[in-house]
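# Descriptive analysis of the structure
Here's the letter readout for the chains.
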Amino acid sequence: MRLLKTTVAAVTAVASLATAQAALADETVKFWTFREQETALWDRINAENLIPGVTVEMERISSEDYESRLRIALRQGGPDFFGAKSGVAWYDPFVGADALLSIDELGVDISGMNGTAGVVASDGVAYAVPSAIQLQSVIYNGAVLEELGAEVPTTLAEFEALMADAVDAGFVGLHVDGRDGWYLNQVMNEVVMAGMVSDDTQRKLETGEACFTDAEVVAAFDKVVEWRDIMNANPTATDYGGMRTPVVLGDSLAMIDGAWTTGVWVSQAAGGLYDVNPDFVPEYGPIPGPNGKVVAHPDGGYAVNANTEKRDAVKAVLEFTTTAKFAQLFLEEIGSEIPAYAGDYDKPEGLHPIVGKISAQMANAAAYEPFLAPSLNAKQPTYGSLSAQAYQGMLAGDLSGAEAAALIQEGLNSWNYVGAGNCQ
Amino acid sequence: MSQNTDRLMSYRSKAEIQKWLLLMPGVILYGIFNFIPLIGLFGMALMDWKGIGPMEYVGLENFKLIFFDPYYRDGFLNALGNNIIFFGVIITAMLVIGTIFALLLSFKTYGREVYKVIFFLPYPLAGAAVAVLMNMIFRDNGPVNTLLVDWNWAEKPIPFMGDKDLSIYMLASFFSWHRMGFAIMLILSAIVAVRLDLVEAAFLDGARRLQAIRHVVLPVLMPAIIVIFVIIMVDTFNNADMTLLIFGPAGGPGYGADVMGSYLYRAAFGAGSTDPVLGYGVAAVVGILTSLVIMPAAIFSAIQNNKK
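Since the structure is predicted, the reported quantities are computational estimates derived from the model, not experimental observations.

## Let's talk about the layout of surface pockets
Sizing a probe to match a water molecule and rolling it over the atoms shows the empty space that remains. Counted as a void, the second largest pocket has a volume near 880 Å³. Lining the second largest pocket we find 34 residues, and of these Gln 380 of chain A together with Asp 69, Tyr 71, Tyr 72 and Leu 278 of chain B sit closest to its centre. Elements supplying a minimum of two residues to the lining of the second largest pocket: helix 17 (401-413) of chain A together with helix 3 (61-68), helix 4 (70-106) and helix 12 (260-269) of chain B. By residue number, the principal contributor to the lining of the second largest pocket is helix 4 of chain B, which donates six residues.

## Points about the state of the cysteines
Residue and element names in this part refer to chain A. Scanning the model with the defined rule gives one disulfide over all chains in all. Disulfide pairing is shown between Cys 211 and Cys 423; the S-S distance is 2.0 Å. Taking the sign of the S-S torsion, about -85° here, the bridge from Cys 211 to Cys 423 comes out left-handed. Linking Cys 211 in the loop between helix 9 (199-207) and helix 10 (215-226) with Cys 423 in the segment after helix 17, this pair joins segments that are 212 residues apart in sequence. Side by side, Cys 211 and Cys 423 carry an identical accessibility label, which is buried.

## A few points about the packing of aromatic side chains
The full count for this structure, using the stated rule, is 36 aromatic pairs over all chains. On the basis of an interplanar angle of 50° and a centroid distance of 6.2 Å, the ring pair of Phe 87 of chain B and Phe 237 of chain B is categorised as tilted. Taken together, the residues span a long stretch of sequence, with Phe 87 of chain B in helix 4 and Phe 237 of chain B in helix 10 (residues 209-237) at a distance of 150 residues. For Phe 87 of chain B, a relative accessible area of 10% corresponds to the buried category. By way of ring pairs, the aromatic residues Phe 31, Trp 42, Phe 81, Tyr 302, Phe 320, Phe 326 and Phe 330 of chain A are connected into one cluster. The ring of Phe 94 of chain A has Arg 71 of chain A sitting right over it, with the charged end atom 5.9 Å from the ring centre. Directly above the aromatic system of Phe 34 of chain A lies the positively charged group of Lys 85 of chain A, at a separation of 4.8 Å from the ring centroid.

## Here we look at the interface of chain B and chain A
Taken together, the contact between chain B and chain A spans 30 residues of the former and 35 residues of the latter. Linking chain B with chain A are one salt bridge. Two residues, Asp 239 of chain A and Arg 139 of chain B, come together in a salt bridge whose shortest N-O distance is 3.2 Å. Across the contact surface, chain B and chain A share 11 residue pairs in polar contact (both at pLDDT 80 or more). Secondary structure elements with two or more residues in the side of chain B that touches chain A: helix 4 and helix 11 (241-247) of chain B. In terms of residue class, the side of chain B that touches chain A is made up of 16 nonpolar, nine polar and five charged.

## Describing empty space enclosed by the protein
Residue and element names in this part refer to chain A. Tallying each qualifying case throughout the model produces one cavity of 30 Å³ or more. Within this model, the largest cavity holds a volume of roughly 40 Å³. For the largest cavity, the full set of lining residues is Met 113, Pro 130, Ser 131, Tyr 302, Thr 321, Phe 326, Ala 327, Pro 339, Ala 340 and Tyr 341. Here the lining of the largest cavity is composed, by residue class, of eight nonpolar, two polar and no charged.

Reading guide: rules and limits
Residues numbered from 1 in each chain as written. Chains lettered and ligands numbered in written order. Predicted model: local features only at pLDDT ≥ 70, side-chain atom pairs only at ≥ 80, totals over all residues. Heavy atoms only, no water. 1 Å grid on protein atoms, 1.4 Å probe; cavity = no way out; pocket = protein on both sides within 12 Å on 5 of 7 lines; lining within 4 Å. Points joined across faces, edges and corners; volume = space filled by probe spheres on them. Helix = DSSP H or I, 4+ residues; strand = E, 2+ residues; numbered from the N terminus. Disulfide = S-S within 2.5 Å. Buried < 20%, exposed > 50% of the residue type's maximum accessible area, 1.4 Å probe, protein only. Phe/Tyr/Trp six-rings, centres within 6.5 Å; stacked < 30°, edge-to-face > 60°. Lys NZ or Arg CZ within 6 Å of the ring centre and 35° of its normal. Contact = heavy atoms within 4.5 Å. Salt bridge = Lys/Arg side-chain N within 4 Å of Asp/Glu carboxyl O. Polar contact = N/O pair within 3.5 Å; in protein donor to acceptor, adjacent residues only side chain to side chain. Nonpolar A, V, L, I, M, F, W, Y, C, P; charged D, E, K, R; others polar.

Encoded structure:
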């Protein structure tokens, strides 16, 4: 009798385990993303069966209507997991609707990832596994640098002398897109801050211990005003394309931009600005001010639908995205973007030289990015919208550095942000 | 059978039924796609909803936000002011330039059919195409600035699209160029309808030129002018594509090109990674306020139509 019971129990256990394995083995999880460049990556993961028992069915949705389609889809089930963008404003509506599973709830450890600041909502909780990190820095046209007999400057004096030389030689020194708010707050201001303002001050700005009207920030903004002489004639009239094209064509020496501009996706071979000038060779560097760092901007992550019925399978996928193997594949298949994985891993052979340059810069990234801080962006006017206004004012010649800093500080104080008591 | 029906229904009753049957498809379609959403807008304005998750009833909070929160109120008033300028410039251009071109086309000018086509050519273009085209023409390294600098008419490129005070006028000029053909055709068809014999009779009766225009020509042109006025008002106060395509949801330098449509868009969808979405409720409030601005013109137009 005991033997019979033991046998039945063993058979039941084996059957249950087998059923569970079989269930996982048959799982296909739906994944939505706006990032076309990930297609080859997920195709390869599926083809090589790198997440045992789970197939990822990726659907690429155009970036323009991604949010609206996602919101509609999540009301009716939707994808099991999806590409999320960065910043509290992106996460908050989904979190408010209980549509996202926090990464803690899912049980995936993201302590070994970079870019976690970009995947939190205003409650400070992480709702995605960071995926890619984008370099934001000064990007030089290598050919113009060579023509001027110069290298990427390493001090502020060298930077300003190089820019002056470029202007004297008939180039625009620093081409700026002053029209687009997203560029001014996410790219230009962050690169200026990373170059000019110490990591410690940036941290204190986020916690309210330091004020935007402090001398260090004002000095950085004063430089932006001063550099109008080395910039294109009308920065506020220049849009994003109007900034990039002259740099790529060699009419301008440099711009402040994200490395995505110069990227060569492995799956794409060439494209974007290389269609304008196939010989364009970018060089990267920080604004070599007192802090002298670049920005490692988290470019979103993988978020989980709170109502997914395939939680274990999704967990398996997201756990895989936190591994060195995924980081290797990411570099091999995407190329110019840096995976969020923070640990060491073997870099694949034969990568495009640009990837090496970008990786080298990433080692010198600022530790803080106030643009993404929930404490500065929880209410309107946010630090993001205020810094865009401040930069437009400075670039138009309407605001001094001190006035721009005051505009940001007063705007934040208006909703009693964390530093309001300290920075009246 | 037919005779029985004839006996049961008078001609007047049958005409009445026919009228309603003919009207019904339009009324049903209008009701489903316009009227019900319009009524729904009032309900939505009382809700906090960001396009996902449960709606929460918040009463008049969304109205209070727009009217009493300094940040949102100033933004709204700025967008309203810009929109009034946008409309004013466009309607002036349409009526003045449109009338001049229509008058010129009404003469037996050589090649006037070709001119008609040229004037009307931009009208079928998509708004997005016009925005991209105009942006290319007026950018720093575009043909207009290149010529101005090359001919020494300007020391450096003019920031047509980067000046806070200029940007809304640039948008208005793009819009006017795009829709001018519509105004010209409408005014031209009205001018053609002016009966010359009545004008001549007015002159024979001793009317002066201005009196003849006022009492004979203008009454004929007035319906076309009203149609243009109402359509342009509705179009300009509902327009967001020009601002969004050229300047993005942030509304241009210093919000100089922000209009009601782009303000509404920003309320519903945000303007970027750090711009909180206010929700469809606040967007609905902006939509209702926009409707209130347009309403008098629409009612006036409806009354005029009923008088006919």
